[in-house]
Amino acid sequence: MRRRDLLPLLGAALAARPFAAGAQQSAPPVIGFLSTGTPEGTVAVLAALRKGLGEAGFVEDRDLAVEYRWAGASTAQLPALAAELVGLRVDVIVATSGVAAHAAKAATTTIPIVFTGAVDPVGLGLAESIQRPGGNVTGIATSFDALEDKRLQILHELAPGAARVGYLINPINPNPALRQERLAAARQTLGVEIIVLTASRPEELEAAFTSGAQAGIGALLVPDDPLFYASAAPLIELMARYSVPAMYPAHFFVTNGGLIGYGAPIEDRAYQAGIYVARILKGAKPADLPIAQPTKFELVINLKTAGALGLTVPPALLARADEVIE
């Protein structure tokens, strides 16, 4: 080929290179959303996550794409769903619980993972430390410690005659031992007996409550667990049927008919997770992003449910409530 014929071809190739590079860079990042809930049950969580992302300039279907994977109440599906997201080569995985974060961490050591709630993430092996997680996982803790002792104290104020309190746990959850440790001192101080009830699937809830009723529980403590969020409706229905006062871990349960809840708002955690995801998309490393803890904990009481259960809420407890639903 003559030199004068080659020069136009080289010029065309060089001109095309910046265009191709720009096209590659303009491809929107993809977030993998790994949830232990359902689309219907995570509407508020997704809205808060999108708000955090949006404030940093990332709007879904404009600046980024999202691949959704829902496990519902079946945590056994999480490893396969996490593997799917890794196979799609998503840029970041958002995990809605410690259990989901574990599944994602087992599936990849390179893709950044941001969780929206986990108790004791260091103790669970999700991170090396709070200030410097050290790996590919960071996020927002439900708290750095279980809140069961505080929840039990509040429940005792509302139902002081309950000598036996049922404690519903999911044995598949990696931290039931931590939760029960926190109850030990509180139950001795309050003089109540804790009856442990177990359910690892939604269909096991009824049997758990039947055994609790046979044991004579007068109240129930429900911990922060993905299974119980996904099973909120049947949980609340069972509590109404058995006429048992129950303490829940979040506002979400109480607005859906539960009696009382105390914990960090899941919307606040999801919003903060959105901010973390945006920082990672802009170049931050999860190893350098400290695990955050919610600064807000809210007490919510449903007076309508209290009336249906024949309970009178003490004025002092009402005065401390952040929200009262009538």
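So, here is what we can say about the structure in this document. (Residues numbered from 1 in each chain as written. Predicted model: local features only at pLDDT ≥ 70, side-chain atom pairs only at ≥ 80, totals over all residues. Heavy atoms only, no water.)

## Concerning the pairing of strand β2 (residues 65-70)
As a reminder of what qualifies: At least two bridges found by DSSP between two strands is the condition for calling them paired. Runs of E in the DSSP output that reach at least two residues are strands. Runs of H or I that reach at least four are helices, and both are numbered from the N terminus. Call a crossover right-handed when, viewed with both strands pointing away from you, the route from the first strand across the helix to the second goes clockwise.
The pairing of strand β1 (residues 30-35) with β2 spans 6 bridges and is classified as parallel. Note that in β2 the partner of Val 30 across the bridge is Ala 65. Once the chain exits β1 it traverses helix α2 (residues 43-55) before rejoining the sheet at β2, and the crossover so formed is right-handed.

## Regarding the sheet that holds strand β5 (residues 137-139)
Stated precisely, the cut-off is as follows: Only C-alpha atoms enter the line fits that serve as axes; for helices the fit covers just the stretch in contact. Angles between N-to-C directions range over 0 to 180 degrees. Residue contacts follow a heavy-atom distance rule, with two residues in contact if any of their heavy atoms lie within 4.5 Å.
Judged by pairing direction, the sheet is parallel, and its 5 strands sit side by side in the order β2-β1-β3-β4-β5 without closing on themselves. Of all strands in the sheet, those bounded by a partner on one side alone are β2 and β5. Within this sheet the neighbouring strands show an average axis-to-axis angle of 25°, counted without direction. Two strands pair when backbone bridges link them, and strand β3 (residues 92-95) and strand β4 (residues 113-115) are joined in this way by 3 bridges, in the parallel orientation. Each residue of the ladder has a partner; that of Val 94, found in β4, is Val 114. Its contacts with the sheet put helix α3 (residues 78-87) on β1, β2 and β3, and the angle it makes with β1 is roughly 180°.

## What to know about the sheet that holds strand β6 (residues 164-169)
The strands that make up a sheet pair up through hydrogen bonds in the backbone, lying either parallel or antiparallel. Strand order in the open sheet made by the 7 strands is β7-β6-β8-β9-β10-β11-β12, with mixed pairing throughout. Unpaired on one side and paired on the other, β7 (193-198) and β12 (323-325) mark the two borders of the sheet. Ignoring strand direction, the axes of neighbouring strands in this sheet form an average angle of 20°. Direction of pairing for strand β9 (residues 246-248) relative to strand β10 (residues 260-263): parallel, over a ladder of 2 bridges. Opposite Tyr 248, over in β10, you have Gly 261 as the bridge partner. Along the sheet face, helix α9 (residues 232-242) touches β6, β8 (219-221) and β9 and points at about 160° away from the line of β9.

## What to know about the pattern of salt bridges
Threshold: We count a salt bridge whenever a side-chain nitrogen from Lys or Arg sits within 4 Å of a carboxyl oxygen from Asp or Glu.
Applying the stated criterion across every chain yields a total of 13 salt bridges. Across the salt bridge formed by Arg 62 and Asp 63, the nearest N and O atoms sit 2.7 Å from each other. The partner of Arg 269 in a salt bridge is Asp 224, with the nearest N and O atoms 3.9 Å apart. Here Arg 269, found in helix α11 (residues 266-281), pairs with Asp 224, found in the loop between β8 and α8 (226-230); they are 45 residues apart in sequence, far enough to count as distant.

## A look at α3
Note the following rule: Burial classes follow relative accessibility: with a 1.4 Å probe on protein chains only, a residue under 20% of its type's maximum area counts as buried, one over 50% as exposed, and anything between as partly exposed. What the arc covers is the set of directions going from the helix axis to the C-beta atoms.
Leu 78, Leu 81, Ala 82 and Leu 85 are the residues of α3 that are buried. Around the axis of α3, the buried residues are gathered within 100° of arc, so they sit on the same side. Once α3 finishes, Arg 89 follows within two positions and takes phi at roughly 60°, a positive value.

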